[in-house]
Amino acid sequence: MTTGLDRLILALDTDGPGEARELLSALEGELKYVKIGHRLYALGGLPFIREITASGFSVFLDIKLHDIPNTVSMAVDILASEGLWALTLHGGGGRKMLEEARKAKEARSSGINLLGVTVLTSFDDASWEEAAPGCPMEAALAKRAALCRETGMDGIVCSPLDLEVVKKEAGGLFTVVPGVRPAASGDDQARRAAPLETVKRGADYLVVGRPILKAPDRVAAVRAIASEIEEGLA
Ligand code: C5P
């Protein structure tokens, strides 16, 4: 039976590896998926990733690769052999970049899941217009989702509000959804929804960071969100 913890990814956006280790040791044997972002990757690098993988966590390295195809391919060539569960690539990098990444993964016969990022969940309409003048967000989203499917990505990262479009354009790819908030919060996630609603909209995995990291009892927050996910699955 699938539990809420089979679908919850903790965004481990801690100050450093020490704090991350402390939190993970409290969640060992319970939490499965952990997302490492730029800060922890910069501080702990691959040795830290190997360490937490050895403790039994499935690691999602979220560094949103976005560069010329050859450079991205060289990075995937290395990362594909590290036993990662998933790695993000920015859909804005275009077809060739995504294709070269997939080929690099295949050349290593790696089980890593390559995830395309569509539009960051921090964009609202005004900030998006500034970043991509004249291109409606929905059009960019639909195009990038279709591109992820066409180039053989395994999954897609998108906001809860984008799930409908993404599922239409990239059916078959699994969805990983940040911007999940148990209740109204005043941070930088503009396009967000509660866990229950996110699951009902069809998200496969939910990424949650600050609602857990800023909670007075982080372990209790993980359990509460997992049970809300479970409710959505039922
Ligand atoms: O703290 P919060 O729950 O907002 O964390 C969400 C995580 O998901 C962050 O680590 C952020 O970098 C990541 N993310 C995102 N939007 C995307 C892709 C990843 O918020 N489109």
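Residues numbered from 1 in each chain as written. Predicted model: local features only at pLDDT ≥ 70, side-chain atom pairs only at ≥ 80, totals over all residues. Heavy atoms only, no water.

### Let's talk about the site of the ligand
If you check the shell around the ligand, you find 17 residues, and the closest are Asp13, Lys35, Thr121, Arg181 and Arg210. At a separation of 2.7 Å, a nitrogen atom of the ligand approaches a polar side-chain atom of Thr121. Between the ligand and Arg181, the relevant distance is 2.5 Å, taken from an oxygen atom to a side-chain nitrogen or oxygen of the residue. Relative to its unbound accessible area of 470 Å², the ligand is 88% covered by the protein chains. The set of elements that each furnish at least two residues to the shell around the ligand consists of strand S3 (58-65), strand S8 (205-208) and helix H9 (210-213). Looking at side-chain class alone, the shell around the ligand contains 8 nonpolar, 3 polar and 6 charged residues. (Near = heavy atom within 4 Å. Polar contact = N/O pair within 3.5 Å; in protein donor to acceptor, adjacent residues only side chain to side chain. Areas by Shrake-Rupley, 256 points an atom, 1.4 Å probe, with all protein chains shown as cover. Helix = DSSP H or I, 4+ residues; strand = E, 2+ residues; numbered from the N terminus. Nonpolar A, V, L, I, M, F, W, Y, C, P; charged D, E, K, R; others polar.)

### What about the packing of helix H1 (residues 17-27) against helix H2 (residues 38-54)?
Contact pair H1 / H2: the axes reach a minimum separation of 10 Å and the direction vectors enclose 40°. Here H1 contributes Pro17, Ala20, Arg21 and Leu24 to the contact with H2, which in turn contributes Leu40, Leu43, Gly44, Phe48, Glu51 and Ile52. Across the contact of H1 with H2, the residue classes tally to 7 nonpolar, 1 polar and 2 charged. (Axes fitted to C-alpha atoms, helices over the stretch in contact; angles between N-to-C directions. Contact = heavy atoms within 4.5 Å.)

### Concerning the environment of Arg108
Assignment of secondary structure puts Arg108 in the loop between helix H4 (95-107) and strand S5 (113-117). When the C-alpha positions of Arg108 and Ser81 are compared, they lie 6.9 Å apart, and in sequence the two are 27 residues distant. Setting aside residues up to four positions removed in sequence, Arg108 forms contacts with Asp77, Ala80 and Ser81.

### Remarks on the packing of aromatic side chains
According to the stated counting rule, one finds 7 aromatic pairs in the structure shown. Both rings, one in Phe60 and one in Trp85, keep their centres 6.2 Å apart while their planes meet at 70°; by these two values the pair is edge-to-face. Here Phe60, found in strand S3, pairs with Trp85, found in the loop between helix H3 (69-79) and strand S4 (86-90); they are 25 residues apart in sequence, far enough to count as distant. Looking at Phe60, the relative accessible area reads 1%, which means it is buried. A ring pair is formed by Trp85 and Phe174, whose centres lie 6.0 Å apart and whose planes are at 35°; its orientation type is tilted. Taken as a pair, Trp85 in the loop between H3 and S4 and Phe174 in strand S7 (residues 174-177) lie far apart in primary sequence, 89 residues in all. The residues Trp85 and Phe174 share a single accessibility class, namely buried. (Phe/Tyr/Trp six-rings, centres within 6.5 Å; stacked < 30°, edge-to-face > 60°. Buried < 20%, exposed > 50% of the residue type's maximum accessible area, 1.4 Å probe, protein only.)

### Some thoughts on the packing of H3 against H4
Interaxial distance between H3 and H4 falls to 8 Å at its minimum, and their mutual angle equals 25°. Here H3 is positioned roughly parallel relative to H4, judged by the angle of their axes. Seen along the crossing, H3 lies across H4 with a hand that is right-handed. Note on element contacts: H4 touches H3 through Lys96, Met97, Glu100, Ala101, Ala104 and Lys105, opposite Pro69, Val72, Ser73, Val76 and Asp77. Its residues placed into classes, the contact of H3 with H4 shows 6 nonpolar, 1 polar and 4 charged. (Parallel < 35°, antiparallel > 145°, perpendicular 65-115°, else oblique. Left-handed = near helix turned anticlockwise from the far one by under 90°.)

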